[in-house]
Amino acid sequence: MTTTVGAEIKRPPKHIIEGLRGLGAATVAGTLGHMGFKSPHMVGILPQTKGKSIVGPALTLQFLPQRPDLFSEGEYSDPETQLHRHVLYHVEEGDVVVVDARGDMRSGVFGDMMSTYFKGRRGAGIIIDGCMRDRPNVEKLDLALWLKGWTPNYHVQTEIFPNAVNVTIACGGVTVVPGDIIVADDDGAVVVPVSMAEAVIADGKKHAEWEVFSREKLMAGESLRRYYPLHPDAEDEYQAWRKARGMDASPSR
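Cut-offs applied
- Residues numbered from 1 in each chain as written.
- Predicted model: local features only at pLDDT ≥ 70, side-chain atom pairs only at ≥ 80, totals over all residues.
- Heavy atoms only, no water.
- Buried < 20%, exposed > 50% of the residue type's maximum accessible area, 1.4 Å probe, protein only.
- Helix = DSSP H or I, 4+ residues; strand = E, 2+ residues; numbered from the N terminus.
- Pairing = 2+ DSSP bridges.
- Contact = heavy atoms within 4.5 Å.

## Re the pairing of strand β12 (residues 181-185)
In summary, the side chains of a regular strand alternate between the two faces of the sheet.
Then, in step 1: For β12, the tally of buried residues reaches 5 of 5 residues, placing the bulk of the element in the interior.
Then, in step 2: Of the two faces of β12, both are covered, the one formed by Ile-181, Val-183 and Asp-185 as well as the one formed by Ile-182 and Ala-184.
Then, in step 3: Of the pairings in the sheet, the one linking strand β3 (residues 54-65) to β12 comprises 4 bridges and is antiparallel in character. Pairing of Pro-57 across the sheet is with Ile-181, part of β12.
Then, in step 4: In this structure, β12 lies alongside strand β13 (residues 188-192), joined through 5 bridges in antiparallel fashion.

## A word on the environment of Arg-135
Then, in step 1: Here Arg-135 shows up in helix α5 (residues 135-140).
Then, in step 2: Judged by relative accessible area, which is 38%, Arg-135 ranks as partly exposed.
Then, in step 3: Linking Arg-135 and Ala-244, residues 109 residues apart in sequence, is a C-alpha distance of 50 Å.
Then, in step 4: Dropping the residues within four chain positions of it, Arg-135 is found in contact with Gln-48 and Trp-150.

Coordinates in, geometry out; function isn't part of it.
Structure, rendered in structure tokens:
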């Protein structure tokens, strides 16, 4: 069996991570949509730990369908041939492991012990287009998880096997390049290309700020037409609101 372990990822500067952290998945996804990345959301991969939110660079793991000339479970008598372990060896504090498990609902990519190691490495979260196992013990670890589900089966028990680490994958219908930034919360998981991150932060921050103003107006029963999206005629009103709160002038668009 030929497998691939790619190069170490290049982690983005901390100010990029922190800039995205305050925006949330919905704002990031909407901002990327306006920038031409129409579907950055990993579809069908659901948050398993309510209230968790993460931002971090992606380490990737790719599974493929089993084939007798490429995979034999007998090879797994040597733990170091278990490639799903190798993506965890790369984990540094704040990293996100993203797994293309082909949407398979029968194979548990990681279980209790692998998850404990990930926790000890201080990874930020795990995202799998597929399942994990050992749910009762894994839940005690209080990890940030986005999955399709859970299964009692181990990772190669059925029809897939791990083929490559830190290569470009698809996860939930989205292309993920190692080192891409993942933003995930209760809305789901979103992929941010590093090359687009600065623009997402700038545009997303503007959007998030005028939404605070608009939310106040809508809660007071004011006009939806005027305040969402913020109508150009309300721009002066928005700037006065900012000034009253000691905020610098900043156009809403």
